[in-house]
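One letter stands for each residue in the lines below.
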Amino acid sequence: MSDYRTVPTICPYCGTGCGMLLEVFGGELTGVLPWKGHPVSDGKLCIKGWTSHEFVGSPGRLASPIIRRGDAAGEVSTDEAIGLVAGELKRVVDEHGPDSVGFICSAKCTNEENYLVGKLARAVVGTNNIDHCARL
Amino acid sequence: MAIKDRARDIIGKEVDGVLAFRPEGGSHVPHLFNADDIDQMAGEYPAGERYPVSSIVRRLQAARPGVRLAVVVRGCDERALIELEKQGQVDMEHLVLLGLACDGELAGTCGCAQPYPSEVVQGEKVEGGLDLGMVEKLEGLPPGERLDYWLSRFAACVKCFGCRNVCPLCYCKECALDEPGLVDHGEQPPLLPVFHLIRAVDMAGRCVDCGLCEEACPIGIPLRTLYRKVGEVVESHFEYRPGRSPDKKSPLSVLGTEEDVT
Amino acid sequence: MSRKPENNNGKDEVKILAFLCNWCSYAGADLAGVSRLQYPPNVVDIRVMCSGTISPYHVLKAFQMGIDGVLIAGCHIGDCHYIKGNYMTYKRFQVIRDVLEFIGIGEDRLRLEWVSAAEGEKFAEVIREFTGQVEQAGASPLRTRWEENPANRERIRKAFKPLLP
């Protein structure tokens, strides 16, 4: 494996989809270079793209779901977390009706994921309380 | 393919790694080759895919002291390396330069003074000529119009810091552009024109006219024009051009002698 | 900083920032004061240990904040308290001056003078002359934020080709 290599990829931040090269040095993500010749970004990036390598290894990132019970917060498995969320959503919808819950999706998700949230909100739960960080 | 042949000859012998380009999905991206993957090295170097290889060399050498590297360099890359060595950032002793001459079209659009390195392994040398057309045109304008010209360009800056991030000669760990006393955080456009003038004066005695800054600017601010003017200023007052001599240091990096100031 | 709005015999009221080195020019300014020499009150001074410590950033920031003129005063060549600090002052000054001229702010807004501790009269004369020169150049075009002026929005629009036709 090469000590220094660049990996072409797409910036995760917004819907523009600028091309960038992730610099991998000694097995670690150390930086970003703009992807020259990319049809969308043509070798240019915004500040979010230039710093998008910083969050990957950040110690503040969640490594697993966390559930808070009272004052204590503990790491749990994904299955348990999803189970809790689904159960509680269902309980609220059963007790107070579909419009008592809302859904928020994100530009950091793919279009397909945003579509699925829309389906979940409208077809499964039966509400149109859905919004997007870019007001999509 | 002359550079690739030379690289194959020296890998594992004179050098441990070759910093060159790997073809990927139609693009050519920077990659450090060793003896195992040297055959995947690209043999062609499209003009539209220039990267700050001298910055990568600097970081590689800093993290792996004593490593022997070869690197594909154009004229501007070699100028940057020469200047970086004088500033103590790069070690040319452990570096083999694989010189690439820029073709006529690139030399024409890029407009730098010397579109080829001192030793060319691949490519036909084409004479360049420092393109000062825009500088001279601006000098012909009255000062009020010139200021309007510059501020209207600077006003669209989105503070991506691309110009600084991609510059081979920008390596300060604490950058003046991040200093809250000089440039307010969170303002867009940044304070005009001090944001761009800070870079401009820092380029005095450093800028080797590679043009990566203007290529990285999403707005297309004419940075090269500004930095070329700074280069002219430094040459006219100090008879100094960054990247030419491996010995003569930038006069703005040393106190100098009394002759310099009288 | 506040500025008197009324004009001064038809000329703009200008504000000048003077960077004075501790050992020579600041002492020279002090001497001018002690000798009761008269000079215009438009100057605010900042004492630095050596004119060589004045960064180009400070000068540029001063203009950014709306200062109309900047004076840098240091020891004479050969007399610098730190031996060669003023060599750097001189070299940097030339770069900053030419960049200011090229941008359109104007090279006559920046001046470098060597003033020794004994040259009180010279200091007063420099201030008189430089104030006149800056008044001639007028108020700095950067006194207000250029991009907030609606008239300049059009210039920004015209400066860049549209992304879509």
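Each chain has its residues counted from 1, following the order in which its sequence is written. Starting at A for chains and at 1 for ligands, labels are handed out in the order in which the entities are written. Per-residue local features are limited, in this predicted model, to residues with pLDDT of at least 70; the limit for side-chain atom pairs, both in listing and counting, is 80 or more; totals at the level of whole chains, interfaces and linings are taken over all residues. Working from all heavy atoms in the structure, the side-chain values ignore hydrogens and water.

### Let's talk about the interface of chain A and chain B
Here, residues are in contact when the closest pair of their heavy atoms is within 4.5 Å. Contacts between the two partners involve 23 residues from chain A and, on the opposite side, 32 residues from chain B. Summing the contributions of chain A and of chain B, the shared interface buries around 2100 Å²; its carbon and sulfur component is 58%. Here the buried area means the combined drop in accessible surface, using a 1.4 Å probe, for two parts upon being joined, counting both sides. When the buried surface of chain A facing chain B is broken down by residue, Y4(A), K36(A) and W50(A) rank first, second and third, together holding 32% of it. When a carboxyl oxygen of Asp or Glu lies within 4 Å of a side-chain nitrogen of Lys or Arg, that pair is called a salt bridge. When the shortest N-O distance is used, the salt bridge between E215(B) and K36(A) registers 2.6 Å. Between N or O atoms, a polar contact is any pair within 3.5 Å; within protein, one atom must be a potential hydrogen donor and the other a potential acceptor, and residues adjacent in sequence are included only when both atoms are from side chains. Summed over the shared surface of chain A and chain B, the result is eleven residue pairs in polar contact (both at pLDDT 80 or more). Each helix corresponds to a stretch of at least 4 residues labelled H or I by DSSP, and each strand to a stretch of at least 2 residues labelled E; elements are numbered beginning at the N terminus. Every element with two or more residues in the side of chain A that touches chain B is listed here: β1 (4–10), β2 (19–25), β3 (28–34) and α1 (47–50) of chain A. Broken down by element, the side of chain A that touches chain B gets its largest block of residues, four residues, from β1(A). Any residue outside Ala, Val, Leu, Ile, Met, Phe, Trp, Tyr, Cys, Pro, Asp, Glu, Lys and Arg is labelled polar, Gly included; the first ten of those are nonpolar and the last four are charged. Looking at side-chain class alone, the side of chain A that touches chain B contains twelve nonpolar, five polar and six charged residues.

### Comments concerning the packing of aromatic side chains
Stacked, tilted and edge-to-face are the three classes assigned to paired rings of Phe, Tyr and Trp, where Trp is represented by its six-membered ring and a pair needs centres within 6.5 Å; plane angles under 30 degrees give stacked, over 60 edge-to-face, the rest tilted. By the definition in use, this model includes nine aromatic pairs over all chains. Pairwise contacts between aromatic rings join Y149(B), W150(B), F154(B) and F102(C) into one cluster. Against the face of Y26(C) rests R47(C), its NZ or CZ located 5.8 Å from the ring centre. Counting as a charge over the ring demands two things of the Lys NZ or Arg CZ atom: a distance within 6 Å of the ring centre and an angle within 35 degrees of the ring normal.

### Let's talk about empty space enclosed by the protein
Residue and element names in this part refer to chain B. Note on definitions: the grid is 1 Å and covers protein atoms alone; a cavity is a set of points where a 1.4 Å probe fits but cannot get out; a pocket is an open set with protein on both sides within 12 Å along at least five of seven lines; lining residues have an atom within 4 Å of a point. Grid points are joined across faces, edges and corners, and a volume is the space filled by probe spheres set on the points. Tallied over the full model, the rule gives five cavities of 30 Å³ or more. Lining the largest cavity are 17 residues, with F21, E49, R50, Y51 and R74 positioned closest to its centre. Listed by contribution, the elements that provide at least two residues to the lining of the largest cavity are β3 (69–73) and α3 (75–86). Looking at the lining of the largest cavity residue by residue, the class counts come to eleven nonpolar, one polar and five charged.

### What about the confidence of the model for chain A?
How sure the predictor is of each residue is captured by pLDDT, a score from 0 to 100. Looking at chain A as a whole, the pLDDT averages 91, with 99% of positions reaching at least 70. Per-element confidence in chain A is highest for β2(A), whose mean pLDDT is 96, and lowest for strand β5 (residues 72–75) of chain A, whose mean pLDDT is 88.

### Topic: a nonpolar patch on the surface
Together, W23(C), M49(C) and Y82(C) make up an exposed nonpolar region whose accessible area comes to about 290 Å². On the secondary structure map, W23(C) appears in the loop between β1 (16–21) and α1 (25–34). Like charges are joined within 9 Å and nonpolar side chains (Val, Leu, Ile, Met, Phe, Trp, Tyr) within 5 Å, but only among residues with over 30% relative accessible area and no salt bridge; these make up the patches. Using a 1.4 Å probe, the Shrake-Rupley method yields the accessible areas, and only the shown protein chains count as cover for residues.

### Observations regarding the interface of chain B and chain C
Across the boundary between the two partners, chain B contributes 50 residues, which contact 32 residues of chain C. Summed over both partners, the interface of chain B with chain C buries about 3800 Å², with 71% contributed by carbon and sulfur atoms. For the pair chain B and chain C, the number of links is three salt bridges. Of the charged contacts, one joins R146(B) and E101(C) as a salt bridge, the two residues approaching to 4.0 Å between their closest N and O atoms. Taken together, the elements giving at least two residues each to the side of chain B that touches chain C come down to α5 (133–139), α6 (143–154), α8 (194–202), α10 (223–238) and α11 (258–261) of chain B. Here the side of chain B that touches chain C takes nine residues from α6(B), the largest share from any one element. Each residue belonging to the side of chain B that touches chain C can be placed in one class, and the counts come to 32 nonpolar, nine polar and nine charged.

### Here we look at the packing of α6(B) against helix α3 (residues 85–103) of chain C
Angle between the axes and distance between the axes are the two parameters that describe a pair of packed helices. Put simply, α6(B) and α3(C) touch, their axes get as near as 7 Å, and they point 90° apart. With respect to their mutual orientation, α6(B) and α3(C) come out roughly perpendicular. Facing R146(B), L147(B), W150(B) and F154(B) of α6(B), the residues of α3(C) in contact are E101(C), F102(C) and I103(C). When grouped by side-chain class, the residues that make up the contact of α6(B) with α3(C) number five nonpolar, no polar and two charged. Every angle, taken between N-to-C directions, lies between 0 and 180 degrees, and every axis is a line fitted to C-alpha atoms, over only the stretch in contact when it is a helix. Working definition: roughly parallel below 35 degrees, roughly antiparallel above 145 degrees, roughly perpendicular at 65 to 115 degrees, and oblique for all remaining angles.

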